[in-house]
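# Per-entry structural report
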Amino acid sequence: GAEALMDPARGVVGARAVAELAGVLARNVLAVAVESSAPASAPASAPASAPVDASTSSASPRYEGVGLFPLTCLMNHSCEPNAEVRFEDAGPGAGVVAAVHALRGVKAGEELRHSYVDETRPVFLRAADLAAFGFRCDCARCVRARGGGGGQNIN
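Quantities reported herein were computed from a predicted structural model and do not represent experimental measurements. (Residues numbered from 1 in each chain as written. Predicted model: local features only at pLDDT ≥ 70, side-chain atom pairs only at ≥ 80, totals over all residues. Heavy atoms only, no water.)

### With respect to the pattern of salt bridges
Inspection of the entire model under this criterion finds five salt bridges. In this structure, Arg86 engages Glu84 in a salt bridge whose closest nitrogen and oxygen atoms are separated by 2.6 Å. Residue Arg86 is classed as partly exposed on the basis of its relative accessible area, which comes to 35%. Across the pair Asp129 and Arg121 runs a salt bridge whose closest N-O atoms are separated by 2.5 Å. With relative accessibility at 26%, the residue Asp129 sits in the partly exposed group. Classification of Arg121 as partly exposed rests on a relative accessible area of 29%. (Salt bridge = Lys/Arg side-chain N within 4 Å of Asp/Glu carboxyl O. Buried < 20%, exposed > 50% of the residue type's maximum accessible area, 1.4 Å probe, protein only.)

### A closer look at the pairing of strand S7 (residues 96-102)
Strand direction decides the pairing type here: strand S6 (residues 83-89) and S7, joined by seven bridges, are antiparallel. Bridged to Ala83 within S7 is Ala102. Between S6 and the antiparallel strand that follows it, S7, lie six residues; Gly91 among them carries a positive phi value of about 110°. (Pairing = 2+ DSSP bridges. Helix = DSSP H or I, 4+ residues; strand = E, 2+ residues; numbered from the N terminus.)

### Side note on the confidence of the model for the protein
Of all residues in the protein, 62% have pLDDT values of 70 or greater, and the mean over the chain is 73. Segment residues 38-58 is flagged for pLDDT under 50; beyond a separation of four residues in sequence, or across chains, it makes 12 contacts in the model. Predicted confidence for residues 150-154 stays below pLDDT 50, and this span has five contacts to residues more than four positions away or in other chains. (pLDDT = per-residue confidence, 0-100. Contact = heavy atoms within 4.5 Å.)

### Comments concerning the packing of aromatic side chains
Here the structure, examined in full by the defined rule, presents two aromatic pairs. Ring centres of Tyr116 and Phe133 lie 5.0 Å apart, and the angle between their planes is 50°; on these two criteria the pair is classed as tilted. Within this pair, whereas Tyr116 is found in the loop between strand S8 (113-114) and helix H3 (123-131), its partner Phe133 is found in the loop between H3 and helix H4 (140-145), the two being separated by 17 residues in sequence. A residue is classified by how much of its surface remains accessible, and Phe133, at 30% relative accessible area, is partly exposed. Aromatic pair Tyr116 and Phe135: ring centres 6.0 Å apart, planes at 85°, arrangement edge-to-face. You can see Tyr116 sitting in the loop between S8 and H3 and its partner Phe135 sitting in the loop between H3 and H4, a full 19 residues away along the chain. Residue Tyr116 is classed as partly exposed on the basis of its relative accessible area of 25%. Classification of Phe135 by relative accessible area gives partly exposed; the value is 30%. Through successive ring pairs, a cluster of aromatic residues spans Tyr116, Phe133 and Phe135. (Phe/Tyr/Trp six-rings, centres within 6.5 Å; stacked < 30°, edge-to-face > 60°.)

Following this line, the structure appears as structure tokens:
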């Protein structure tokens, strides 16, 4: 619990706890970019050379930043994902939501897995990218690529 994070001598959160929390956040923070679906343009009544006022522009907002999406961060990785996470505009004033979309039929009880990295890259590059998350991928595709699953497919 919270008491484990406290430095009992000083009654504050200890340096080790702060470092552990920072590590958890660094591993689970997601870069978010949501493009506007409407083209940015000046209002019809404004001359072409007039500056566009954001309050009258018909363009949807563009979000860029980082976010912590706790439920999404609980999903495990696979280089053969059955789902993907898409960041979508939740509407005016609501910000961005992380929506999980199936990439194929998912059986009842099957774990939803998305790719933490670009799964189109070669296995050795994916492995290097995944090392930053602190693990070696054991999905069927990587096992096959390392020679543990039969075929000679190196991907």
